[in-house]
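# Coordinate inspection notes
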Amino acid sequence: MKLIRKMKKWWRTQPLLSVATALLLLVIVQTMVMTFDFTLAFAPEFAFDVKLKAFDSVSAWWQKWTTNWRNILLNNSYVGMIALAMTFVIISGGIDLSVGSTLVAVGAAVMVIINTKEAGILTQLGITGVPAVVIGVALGLLLGFLLGQLNGIVIAKGKVPPFIVTLGTMMIFRSVTQYFMQTRKGAALPTAFKNISKFQLGGNMILPIIYWLVLAVILYIVAKHTVFGRHVYAVGSNERTARLSGINVDRVKRRVYALTGVIVAFAAMVQVARIGSMDYASAGSGYEMDAIASVIIGGTAMSGGSGSIIGTLLGTLTLAVMNNLLTLMGVDPFLREAFKGAIVVAAVLLQRKEK
Amino acid sequence: MLKMLGINKAFNENRVLMDVDFCVKEGEIHALIGENGAGKSTLMNILGGVLPCDSGTITLKGKDVRFLRPRDAMDAGIAFIHQELNLINDLTVYENIFIGRELKTRAGLVDKKEMSRRSSEILKRMGIQLDPGTLVKELDASYKQIVEIARALMMNARLIIMDEPTTSLTDVEIGVVFKLMRTLKSQGVSIIFISHKLGEILSVCDAYTVLRDGHMVHTAPVAGATADELAYHMVGHSVRTEKLHSGMQGGKELLRGENLSGRGFENVTFTLHAGEILGFTGLLGDGRSELFSAVFGVEKLSGGQLWMDGKTVQVHSPRQARALGIGYVPRNRKENGIIKDMSILNNGTLVTLDKYKKLLISGKKQRAAFGTLREKLRIKMEREENLITSLSGGNQQKVVLSKWLAASPKVLIFDNPTQGVDVGAKEDIYDIIVSLAREGVGIVILSSEAQEIIRLCDRVQVMYHGRSMRELGREEMNEYNIMLLATGGGEVKA
C-alpha cells in the first residue's frame, strides 16, 4: 500500500514520467506490430489471430527494426530541433508561430546564394566549393538570427503579444519568399553543402539525427546551467519579479526569439541539404504546430515558467513513434492528425499536477 | 435596523473577532473604523455572507437572519460595495446596473429599453445626472462608485456597506459621493462607511464604532466628537514594545531625493544616511510605494532630482538601480518577490547569478553564496532544491531578502517587509534590518503599521495623498502623531 502511494506521488510530481511511460508503451506496441501479424475478424464469428511475421532470420528482423527507427528519427529531426527552440520560447511565456515561414525564407535564401548554376550569387562572384558553402551557411544563420531578432524586438519593445507578432511574421516571411522565388528556376547545390546531411557515418545517413541530439544536449545545458537559461525561466514565471530583480527582461525576450531564428535556420539548411530542393508554398508549414505539440506533450506549461528540454525531446519522439505506428497498422492518413490531437490533450490531462 | 451581537470569528488559532457588537439605525451613516488588521473587513464579510461567523447573532429589522452565501445577504437587502469596484468597463451604465439579473422581452432577448428606463429612474431618484447609455470606462472614479450604488438600490438594498470608497477619489469627486450618501440617508437607506480618513467621518457620518485587535472598543454619535478622540480610540493604550533603532546616526549621505514627483506622489524630499533607518508611512493611497518604485526605476519620475553618493543620478530601470547599489524588497511577495516555479536556491541568488558564472553557472559558488546568507538570515528549510513555495511566508520573505543581500547593496528599500509573516519571523526580520543598518547600509522602510515604524525607524515621514506631511524625529514619533498626520490633519504633540 505504502509503495502504491509513493508511486502515485511520484507520478503526480514528476511531469516527465507520464510522457516517458506513454513513449515506452508506444515503442512496445510498435515493435509488436512489426513482429507479429494481427488479424481481427468480426464475422461470422469473432476471432483474433496472432502470427509471427515471416522473417528469414533474427538479423533480418533487426535490420528492418533499425531502419524503421532511423527513418523515424531522420524525418523528425527538423521538427525536433525546432521544438527544442520552441521550448525556450514557451518557457519564457511566449510563442513563435513564424518558425515554418522562417525555415522557408532561410532555405530559399541559402539556395539562391550557393546555387552552382549561373544564377547563384556566389557563383557570379566567382566563389565556389567549400568557401561558398561556409559563406552560405554563415549567411543563412545570420538571416535566421535577424528574422528572430525582428520578432523579438517587436515583442519586447513594442509590447505586442507574441502570438500576434509571430502570426504576422508567419504570413510575411512566407509570402515575401514566394514573391521573390516565383521566377527563379531550381537550384543545383554543391556536394559539400549536401554533405551537411548526406555524409555517411558507418554507411548510414544519420548526421541530421546527430545534430538534433547534440543540439538537445547543448540546449539542456543552456537551460539548466547558464544565467540566460535561468533568466528565461524567471521571466516566464513572473516577469514582474524578474524585472524587480534587475533582470533585463527585454533583452532576455529578444535573445529567445533570436536563438529560435538561428536554430530554425540551421534546421532549414539541414533539410535543404538532404532533400536538395524546397517547395516554398508548403515546406515547413505545420511545423509550428508540431513543435508546439511536442513541447506541450513534454510537460512545458503554455503559461511559461516551467518545462524542460528532455520533456520536449520525449514529446517529439512520442508523436513520431505514434505516427509511425499508425502507418505500420495501415490507419488512413487522414485520421493521423486526429490521433495527434488526442495525444496532446491527453498529455496535458495526465500532467495536471497537484497544487 | 441592524444588530450584530456577540460576534466571534477565528481563523484556525487566530481569533480575529471577539464578542463584537455592532448596531446600525435606519437612515444612519455609520462609520466603522480601526487600524489595519483590527477586524473591520472580517466583520463586514460576515455581514455580507462572504464568511460564516463562529458564534453570535445577526438581527435585521427585528428578524434573526443567517447568511450562508453573498446571495442571501443581497436578498435580505444588504449590498456590499468593495474597495475594488466590480464593474465591467466595456458595458454601459444600465447593463452594469442590471448585470446578472437582466430583464428580458417576451421573445427572450435582452430588454434594453426597459433596463435603460429603470436605470434613469433610479439615477433620478439619487439626484444624479447621468445617461444610462454611457460606457462605464468613460466615467470618472466617483461616477463608477455611483453606478455601484445604483446597482445596490436596484436590488432594493436598504443597507449599503461601502469599503473605503474615497481612497481613489479626488476632493471634488468625494463631494459628489457624499452628497449622494446624504440623499440616500434622507430616503431611509442605512450606510456603513469604512474609512481611515477621520475628517471625512466627522463631516458625513452620524455615528461611529471603533474596532481594535478584534474587540469593539467604542461606539458613539459623531456629534461632538473630534479627530483626536477618534485617533485615541483607534490606537488605544496598546503595549509599548522596546525600540530597536540602529543607534547610528550621522553617517555619510547615501541617497537624497528633492521635490520628487510622479504618478501618485508630489514634491517629496528626503535624505538617507549610511547606517540610518528612514521610515515612510501613511494610509492606503498615500503614494509611498509609488514613490520608491520610481526611485528604484520601475515607474517614471516626472519631476525632481535624485542623488546617490553625492552625484546626481537618473534611474530608468531596476537594473540601473542595482548597479548603483540600491536594493528593493517589494510588497506583495507573491506577485513581486518570488518566482514560484523556481527553487529556493535560484530564488535566493536570482539578482547575482552573473557573479557565479564563467560560461556556465558554478553550482558550487552559487550554493556557497546562498549558504552564508541562509545561516545569517536563519532560513528554515529542508533542501535548497525544493520550490520556494514549500516555505512559510516568513522564510520566503527571508529568501527574497537574501537575493538582495547577495548583491551587497548600499541602500536597501523594504516595502511592507513583514506582510503575511508570522510573529517569530517578524522579529527575525527586524533584527536583520537593524544589524544591516549597524553595518552601514542605509535603510528605507515603507510600512502602514505604526508600531513597526516606531520600533525600527530613526526618522519617519508621514504621507497623505501623495504628499509628505511632515518628518517626525524620534521624540515626536508616536502612534497618535502618525495617525493624525496620516489622516490629513492637525498639529502634532511632542
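Provided above is the structure to which this section pertains.
Everything numeric in this text was worked out from a predicted model, so none of it was measured.

This brings us to the overall build of chain B. Each helix and strand in chain B was counted, giving 17 helices and 20 strands. Computed over its C-alpha atoms, the radius of gyration of chain B comes to 25 Å, within 12% of the 23 Å expected for a compact globule of 494 residues. Counting over 494 residues, chain B shows a buried share of 54%. For chain B, the share of sequence-separated contacts (at least 6 apart) that also reach a separation of at least 24 residues comes to 65%. When the accessible surface of chain B is summed, it comes to about 21800 Å², and 49% of that surface belongs to carbon and sulfur atoms. Averaging the locations of the 64 positively and 60 negatively charged side chains of chain B gives two centres separated by 4 Å.

Moving on to the pairing of strand β17 (residues 411–415) of chain B. Residue and element names in this part refer to chain B. Counting buried positions over the five residues of β17 gives five, a clear majority of the element. Burial along β17 is two-sided: the face carrying Val411, Ile413 and Asp415 and the face carrying Leu412 and Phe414 are both buried. Sheet analysis places strand β16 (residues 326–329) next to β17, joined by four bridges and oriented parallel. Bridging across to β17, Gly327 finds its partner in Leu412. Judged from the five bridges that link them, β17 and strand β18 (residues 442–446) form a sheet pairing that is parallel. Within the sheet, the bridge partner assigned to Asp415 lies in β18 and is Leu446.

Turning next to the sheet that holds strand β4 (residues 55–60) of chain B. Residues and elements named next belong to chain B. Taken in spatial order, the four strands make up an open sheet running β2-β1-β4-β5, and their pairing is antiparallel. In this open sheet, the two edge strands, each paired with only one partner strand, are β2 (14–24) and β5 (63–65). Direction aside, the axes of adjacent strands within the sheet are offset by 30 degrees on average. Across three bridges, the pairing between β4 and β5 is antiparallel. Pairing of Leu60 across the sheet is with Lys63, part of β5. Against the sheet, helix α1 (residues 40–47) engages β1 (2–11), β2 and β4, with an angle of about 115 degrees to β1.

This part takes up helix α14 (residues 393–405) of chain B. Compared with an ideal rise of 1.5 Å per residue, which puts 13 residues at 18 Å, α14(B) spans 18 Å between its outermost C-alpha atoms and is within 8% of the ideal. Among the residues making up α14(B), those that are buried are Gly394(B), Asn395(B), Gln396(B), Gln397(B), Lys398(B), Val399(B), Val400(B), Leu401(B), Ser402(B), Lys403(B), Trp404(B) and Leu405(B).

In this section: a positive patch on the surface. A surface patch of like charges, here positive, comprises Arg251(A), Arg255(A), Arg319(B) and Lys357(B). Looking at where Arg319(B) falls in the secondary structure, it is placed in helix α10 (residues 318–324). A relative accessible area of 36% places Arg319(B) in the partly exposed class.

All names here are of chain B. Taken in spatial order, the six strands make up an open sheet running β16-β17-β18-β13-β19-β20, and their pairing is mixed. The sheet is open, and its two borders are formed by β16 and β20 (467–472), each paired with just one other strand. The sheet shows a mean angle of 20 degrees between the axes of neighbouring strands, taken without regard to direction. Contacts from α14 reach β16 and β17, with the element oriented near 170 degrees to β16. The sheet strands contacting helix α17 (residues 479–486) are β13 (277–282), β19 (459–464) and β20, and the helix crosses β19 at an angle near 30 degrees.

Regions of empty space are outlined by a rolling probe, equal in size to a water molecule, passed over the atoms. Residues and elements named next belong to chain B. On inspection of all chains with the given rule, the structure shows three cavities of 30 Å³ or more. For the largest cavity, the lining is made up of 13 residues, of which Lys197, Leu283, Leu284, Tyr464 and His465 are closest to its centre. Grouping the amino acids of the lining of the largest cavity by side-chain chemistry returns five nonpolar, five polar and three charged. Here the lining of the largest cavity gathers at least three residues from each of two domains, domain 1 (2–235) and domain 2 (253–486).

Quick look at the pattern of salt bridges now. Residue and element names in this part refer to chain B. Throughout the structure, instances matching the rule amount to 35 salt bridges over all chains. For Lys340, the salt bridge is made with Asp341, and the minimal N-O distance between the two is 3.6 Å. For Asp341, a relative accessible area of 27% puts it in the partly exposed group.

A separate point is the packing of aromatic side chains. Residue and element names in this part refer to chain A. Here the structure, examined in full by the defined rule, presents twelve aromatic pairs over all chains. Aromatic side chains Tyr211 and Phe266 sit 5.2 Å apart centroid to centroid with 75 degrees between the ring planes, which places their arrangement in the edge-to-face category. Of the two residues, Tyr211 sits in helix α9 (residues 207–225) while Phe266 sits in helix α12 (residues 249–275), which places them 55 residues apart along the sequence. Judged by its relative accessible area of 27%, Phe266 is partly exposed.

Residue and element names in this part refer to chain A. Relative to each other, α9 and helix α14 (residues 309–328) sit at 150 degrees, their axes nearing to 9 Å. With respect to each other, α9 and α14 are oriented roughly antiparallel. Contacts between α9 and α14 involve Trp212, Ala216, Leu219, Tyr220 and Ala223 from the first element and Ile309, Ile310, Leu313, Thr316 and Leu317 from the second. Partitioning the contact of α9 with α14 into residue classes produces nine nonpolar, one polar and no charged.

The subject of this paragraph is the interface of chain A and chain B. Taken together, the 22 residues of chain A in the interface contact 27 residues of chain B. Where chain A abuts chain B, roughly 1900 Å² becomes buried across the two surfaces, and 60% of that area is made up of carbon and sulfur atoms. Contact with chain B buries surface across chain A, with Val227(A), Arg230(A) and Leu244(A) losing the most and accounting together for 30% of the total. Across the chain A-chain B interface, the total number found is zero salt bridges. Here chain A is connected to chain B by eleven residue pairs in polar contact (both at pLDDT 80 or more). The element best represented in the side of chain A that touches chain B is helix α10 (residues 227–237) of chain A, accounting for six residues. Broken down by class, the residue content of the side of chain A that touches chain B amounts to seven nonpolar, twelve polar and three charged.

Conventions we followed
- Residues numbered from 1 in each chain as written.
- Chains lettered and ligands numbered in written order.
- Predicted model: local features only at pLDDT ≥ 70, side-chain atom pairs only at ≥ 80, totals over all residues.
- Heavy atoms only, no water.
- Helix = DSSP H or I, 4+ residues; strand = E, 2+ residues; numbered from the N terminus.
- Rg over C-alpha atoms; globule rule 2.2 N^0.38 Å.
- Buried < 20%, exposed > 50% of the residue type's maximum accessible area, 1.4 Å probe, protein only.
- Contact = heavy atoms within 4.5 Å.
- Areas by Shrake-Rupley, 256 points an atom, 1.4 Å probe, with all protein chains shown as cover.
- Lys, Arg positive; Asp, Glu negative; His and termini not counted.
- Charge placed at Lys NZ, Arg CZ, Asp CG, Glu CD.
- Pairing = 2+ DSSP bridges.
- Axes fitted to C-alpha atoms, helices over the stretch in contact; angles between N-to-C directions.
- Expected span 1.5 Å × (residues − 1).
- Patch = residues over 30% accessible without salt bridge, like charges linked within 9 Å, V, L, I, M, F, W, Y side chains within 5 Å.
- Salt bridge = Lys/Arg side-chain N within 4 Å of Asp/Glu carboxyl O.
- 1 Å grid on protein atoms, 1.4 Å probe; cavity = no way out; pocket = protein on both sides within 12 Å on 5 of 7 lines; lining within 4 Å.
- Points joined across faces, edges and corners; volume = space filled by probe spheres on them.
- Nonpolar A, V, L, I, M, F, W, Y, C, P; charged D, E, K, R; others polar.
- Domains from an automatic or database assignment.
- Phe/Tyr/Trp six-rings, centres within 6.5 Å; stacked < 30°, edge-to-face > 60°.
- Parallel < 35°, antiparallel > 145°, perpendicular 65-115°, else oblique.
- Buried area = accessible area lost by both parts, 1.4 Å probe.
- Polar contact = N/O pair within 3.5 Å; in protein donor to acceptor, adjacent residues only side chain to side chain.

All we've got here are geometric facts, nothing functional implied.
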